[in-house]
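Geometric and topological summary
Spelled out from the first residue to the last, the chains are:
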Amino acid sequence: MSDVPERWGQASVYPDMWADPDKDPRNNDGVSPDGELATLEDFLRNYRLTLRMKCEGLDPEQLARRSVPPSTMSLLGLLRHLAEVERDWRNWIRPGDPAPKLYGAGDGDFDGAVAEQAVVDGAFADLAREQAATDTALAAHPDLGERVGKDGFAVRELWVHRIEEYARHCGHADLLRERIDGRVGQ
């Protein structure tokens, strides 16, 4: 018996896809959004949904399973990390003292990602709360060229950086999920 899971996809039409196109919640009616801000929002929404999809159907042990030593990366760690990052982005928007870290200094977001249901539930709740708070903070700045925070970041840069962060970590999630149960796809 091998420790390597058999590769599989849930899709039946395209076996290397995560879901068949007609059942993929990320697919829309094919009409792209109008305007730059709407496009950025659409990309971020789809990457957030992709991350949630990569975590679906896994138990706490699977979500907390680390990739390969010495890495501390896990799907649960990624959820916690992105909650922390969302908070950091809000710190860049507002002037004044930064909000405290959610999971402590260093790699607390990854190191504390242990296989307990309460930690899993907390990670999903933290991520949803921090995403909503950052979305609200950015909604107050619809001009993508506006400079915000003490360092004068352009709002556009914050949007693009958020998309880049989620996209990169969705790539990590692809590999982590395949290692856990062999499921592959977009």
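Quick summary incoming for the structure in this document. (Residues numbered from 1 in each chain as written. Predicted model: local features only at pLDDT ≥ 70, side-chain atom pairs only at ≥ 80, totals over all residues. Heavy atoms only, no water.)

1. Observations regarding the packing of helix 1 (residues 36–55) against helix 3 (residues 75–93)
Running from N to C, helix 1 and helix 3 cross one another at 155°; their axes reach a closest spacing of 10 Å. Between helix 1 and helix 3, the crossing angle belongs to the class labelled roughly antiparallel. The two elements helix 1 and helix 3 cross, and the hand of that crossing is left-handed. Together, R48, L51, K54 and C55 of helix 1 and L75, L79, L82 and E86 of helix 3 make up the contact between the two elements. (Axes fitted to C-alpha atoms, helices over the stretch in contact; angles between N-to-C directions. Helix = DSSP H or I, 4+ residues; strand = E, 2+ residues; numbered from the N terminus. Parallel < 35°, antiparallel > 145°, perpendicular 65-115°, else oblique. Left-handed = near helix turned anticlockwise from the far one by under 90°. Contact = heavy atoms within 4.5 Å.)

2. A word on the nonpolar core
Looking at soluble globular proteins, one finds that nonpolar side chains tend to be buried together. L75 and L76 are the most contacted members of the largest nonpolar core, which has 36 residues in total. Looking at this core, the elements that each hand over two or more residues are helix 1, helix 2 (60–64), helix 3, helix 5 (117–139) and helix 6 (155–181). Not counting chain neighbours up to four residues away, the residues in contact with L75 comprise K54, C55, L58, L63, A173, L176 and I180. (Core = buried A, V, L, I, M, F, W, Y, C linked by side-chain atoms within 4.5 Å. Buried < 20%, exposed > 50% of the residue type's maximum accessible area, 1.4 Å probe, protein only.)

By themselves these figures say nothing about function.
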